[in-house]
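Here's the letter readout for the chains.
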Amino acid sequence: MKKKIILSLFFLFLLFTVGAIMTMFYILRVTSRLDTLITLHQVEILRQDLVINVQTVQSHLYTIGTSFGKEMDIIVENVATLDNAIQKCSGCHHSPELTTKINAIKDLTEQYKEALSTFITTTAGKERVERLQLVGANIGNVILEKTQEMAFIANQKLNERTIAAIKDVTSSRIILIITLLLCFFIALTIAASLTRGITEPVSELLKATRKIKAGELGYTTSYRGKDEFKELLEAFNDMSITLNENNKRIMQHLNRLSGLYRITLSFHAITNVEDIYKEVSYGIAELIDIEQCGVILFDKGEELFAHRFPAFGLQPEQIAHIKIPQDNFIDIYRSSNRRPLILNDNTALFPLGELDKSLNVKNLMLIWIRQKGELLGAIRVANKKSGDFTEEDARILGILANNVSVAFENAKLYENLKKQMVELKETQEQLVQAAKLAAIGELASNIAHEINNPLTSILGYSELVKEETDITNIMRDIEVIEKESLRARDIVQQLLEFSRKRPLEIKEININDILSEVLALVSIPLKDSNINISKSYGDIPLIEGDPNQLKQVFLNIINNAIFAMQGGGTLTAKTRMGRDSVYIEICDTGKGIPKELLQRIFEPFFTTKQEKGTGLGLSISYKIIQSHKGRIDVESEEGRGSKFAVVLPVSVRQPF
Ligand code: ADP
């Protein structure tokens, strides 16, 4: 492009210079012709002067001696002027023809002067004077004739020179116009061509840049360009291709890393080693295009390194043969300088020799798995479909191998943890059993006390019945005996309920319906105690639960609320949906629970109702709700009331 610009400008300059030189040449020629014309005009002036002088002398000569005639000395003066004129004329440069004519006029002028001086000085003889006058006049006439001839020649020349000068002026004007027009059009063409030469590649570059910006990496322009642009566009195309290749490489790398991340992430959730084998071998097969992949691990029992199953591309019977004595395996590990072993197309070097051959192994890679510096085994990868194994493959799998060792460690820890958990559970159960025994001791005294009261009453009234004769009194005593017996039965029943392990009978239940049924059961005591009911049932889903056991829970809570509102009040029953559980809230406006007792209300046999309570209702309820994977929250304020919130998960099968 630079060369093109310089050449174009040089051509333009050359053209302009030629035009200018030609114009200058014509201008110089016109100038010289104009000089000649001026000279010719000056000559004409001189000739005119000469003619005028001669005519003046002639007229004086003809009128001399008359009343119109001038004095002689005026003629003399005019003759002198005439002499001056001819002297001036002959002083100029003329052609030989003109010089001859001027010389002739000069001679004639001399003769004229002489004739006139002879005429002026002659005084004798009128005839002679007249003859001399005639001679002078004749010479004067000849001078005039000659001068006219010269004027004719001069006019002719003047005409020729003028035409030539005009021609030159016209030519120079045409040349100038042509030069300017040519320069203009050529400059225009050059400018257009240069502009096209610059804008085309630039717009191509712009188009390609936009494509690349839009993500079309590797886009190359088909415009080949010339000169410097050719280089620029080629460099641009190279850049785009390199960019694309690098991008592909980065994407491939990223894909591998994300695959690696996905595999390692899955290790967190794996707790058994078989799943690790599977995840590693199938995960690597997704990362690298391979035919076989699996894990070789040390078998403590057999004291050798054995290939594990599941593995990618290998059947259990094929794997069964891959067993390497401990020493051999450690030798291979050491000979590889503890670096990944990459063997491409060199079956002779394959560690398993014949076995690798029988498995059709073309190229092989062993990535060592270490734990705390100790060799655990290796990841065995064979046959890369798209070529040889590379250091990059080894690097990626090296990272994975580190995670595999951590996953094995985790699996081992998890196994230990599981064992410990079982042991812990057993110990816990033993502890619970011990605590239960201790509690039974305490319970026994409580039960004895609880049952002793009604039994004492029953015994007392039985004695009375024996002695009574009046049937009315007997009936009254029997009623008391019956009431006390029922109380004893209630205590025993509730005790049984507490100690019995009744399995849950899980069904899909509507809590709103269950609550309504319970409220219907207590409608008479509610009315008797002057308690208003406020119900607010939310839009809740069906939940999984044992309807009878849950009914018992709600009945216990509501009975307690009724007992707390002996002077009347309001019982509110509300249900609502939480995030993933259902809330059943039962509020009363009763006497409330003192802060110091709030902690104890779920304890078995804790009651503030003396002989009217057993202290088992809430502890049984607590157990039931716990078996439903729910909880009971209690809020209470002395003198204002209490709120019992039962929280139940929608599904008892999901963790709560
Ligand atoms: P019981 O009702 O036989 O006493 P519970 O286990 O059902 O046994 O209740 C234990 C104790 O908790 C009650 O004696 C009472 O002191 C207290 N309690 C439970 N609910 C309420 C309530 N709504 N208002 C006040 N106190 C309550």
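Refer to the structure presented above.
Residues numbered from 1 in each chain as written. Predicted model: local features only at pLDDT ≥ 70, side-chain atom pairs only at ≥ 80, totals over all residues. Heavy atoms only, no water.

Student: Which residues make up the pattern of salt bridges, and what values do they have?
Tutor: Pairing between side chains of opposite charge can happen when the charged atoms of each approach one another. Applying the stated criterion across every chain yields a total of 16 salt bridges. For E517, the salt bridge is made with K551, and the minimal N-O distance between the two is 2.8 Å. With E517 in helix 12 (residues 511–521) and K551 in helix 14 (residues 547–564), the pair connects residues that are 34 residues apart, well separated along the chain. Using a relative accessible area of 40% as the deciding quantity, one classes E517 as partly exposed. Accessibility expressed as a relative area gives 25% for K551, which makes it partly exposed. Among the charged side chains, a salt-bridge network with shared partners connects R256, K384 and D393. (Salt bridge = Lys/Arg side-chain N within 4 Å of Asp/Glu carboxyl O. Helix = DSSP H or I, 4+ residues; strand = E, 2+ residues; numbered from the N terminus. Buried < 20%, exposed > 50% of the residue type's maximum accessible area, 1.4 Å probe, protein only.)

Student: Explain the sheet that holds strand 11 (residues 581–588) to me, using residue names and the numbers behind them.
Tutor: The strands making up a sheet associate through hydrogen bonds between their backbones, and the pairing can be parallel or antiparallel. Strands sit in the order 8-10-11-13-12 across an open sheet of five strands; the sheet is mixed. Two strands close off the open sheet at either side, each with one partner strand: strand 8 (531–537) and strand 12 (631–637). With strand direction ignored, the average angle separating the axes of adjacent strands in the sheet is 10 degrees. Alignment of strand 8 against strand 10 (residues 569–577), held across seven bridges, turns out to be parallel. Counterpart to N532 in the pairing with strand 10 is T570. (Pairing = 2+ DSSP bridges. Axes fitted to C-alpha atoms, helices over the stretch in contact; angles between N-to-C directions.)

Student: How would you sum up the sheet that holds strand 2 (residues 304–307)? Please name residues and give values.
Tutor: Read across the open sheet, the six strands follow the order 3-2-1-6-5-4; overall the sheet is antiparallel. Only two strands of the sheet have a single neighbouring strand rather than two, namely strand 3 (323–325) and strand 4 (341–344). Each adjacent strand pair in this sheet contributes to an overall mean axis angle of 20 degrees, direction not counted. Strand direction decides the pairing type here: strand 4 and strand 5 (residues 363–371), joined by four bridges, are antiparallel. Residue pairing across strands places L343 opposite L364, the latter belonging to strand 5. Strand contacts of helix 6 (residues 273–287): strand 1 (290–299) and strand 6 (374–384), with the helix running at about 150 degrees to strand 1, the strand carrying the most contacts. Against the sheet, helix 8 (residues 326–335) touches strand 1, strand 2, strand 3, strand 4, strand 5 and strand 6, its axis set at about 85 degrees to strand 3. (Contact = heavy atoms within 4.5 Å.)

Student: Lay out a negative patch on the surface with the relevant residues and their values.
Tutor: A contiguous patch of negative charge, built from E228, E231, E234 and D238, is present on the exposed surface. Here E231 shows up in helix 5 (residues 227–269). (Patch = residues over 30% accessible without salt bridge, like charges linked within 9 Å, V, L, I, M, F, W, Y side chains within 5 Å. Areas by Shrake-Rupley, 256 points an atom, 1.4 Å probe, with all protein chains shown as cover. Lys, Arg positive; Asp, Glu negative; His and termini not counted. Charge placed at Lys NZ, Arg CZ, Asp CG, Glu CD.)

Student: So, the pairing of strand 10: which residues are in play, and what are the values?
Tutor: Pairing geometry for strand 10 and strand 11, over seven bridges, is antiparallel. Its bridge partner lying in strand 11, L571 is registered against D588. The antiparallel hairpin formed by strand 10 and strand 11 contains three residues in its connecting segment.

Student: Give me the lowdown on the packing of aromatic side chains, citing residues and values where you can.
Tutor: With the rule as written, the count across this model stands at nine aromatic pairs. Between F184 and F185, the aromatic rings sit 5.4 Å apart at their centres with planes inclined by 70 degrees, giving edge-to-face as the arrangement. On the accessibility criterion, F184 (47% relative accessible area) is partly exposed. Within the aromatic cluster, the residues linked to one another by ring pairs are F298, F305, F329, Y333 and W368. Cation over ring: R576 sits above Y583, and NZ or CZ is 4.2 Å from the ring centre. A cation over a ring is seen here: K609 above F563, with NZ or CZ 4.9 Å from the ring centre. (Phe/Tyr/Trp six-rings, centres within 6.5 Å; stacked < 30°, edge-to-face > 60°. Lys NZ or Arg CZ within 6 Å of the ring centre and 35° of its normal.)

Student: An account of the site of the ligand is needed here, citing residue identities and associated values.
Tutor: Not every one of the 19 residues close to the ligand is listed here, only the nearest: T607, T608, K609, T614 and L618. At a separation of 2.5 Å, an oxygen atom of the ligand approaches a polar side-chain atom of K609. Relative to its unbound accessible surface of 530 Å², the ligand loses 94% to contact with the protein. At the level of secondary structure, the elements contributing two or more residues to the shell around the ligand comprise helix 14, helix 16 (617–627) and strand 13 (641–649). Here the residues of the shell around the ligand are counted per class, giving eight nonpolar, nine polar and two charged. (Near = heavy atom within 4 Å. Polar contact = N/O pair within 3.5 Å; in protein donor to acceptor, adjacent residues only side chain to side chain. Nonpolar A, V, L, I, M, F, W, Y, C, P; charged D, E, K, R; others polar.)

Student: Kindly report on the environment of Q55, identifying the contributing residues and their values.
Tutor: In this fold, Q55 is placed in helix 1 (residues 2–63). Take Q55: its relative accessible area is 42%, and that puts it in the partly exposed class. In the structure, Q55 is positioned 82 residues away from A137 in sequence and 10.0 Å away in space, judged by C-alpha atoms.

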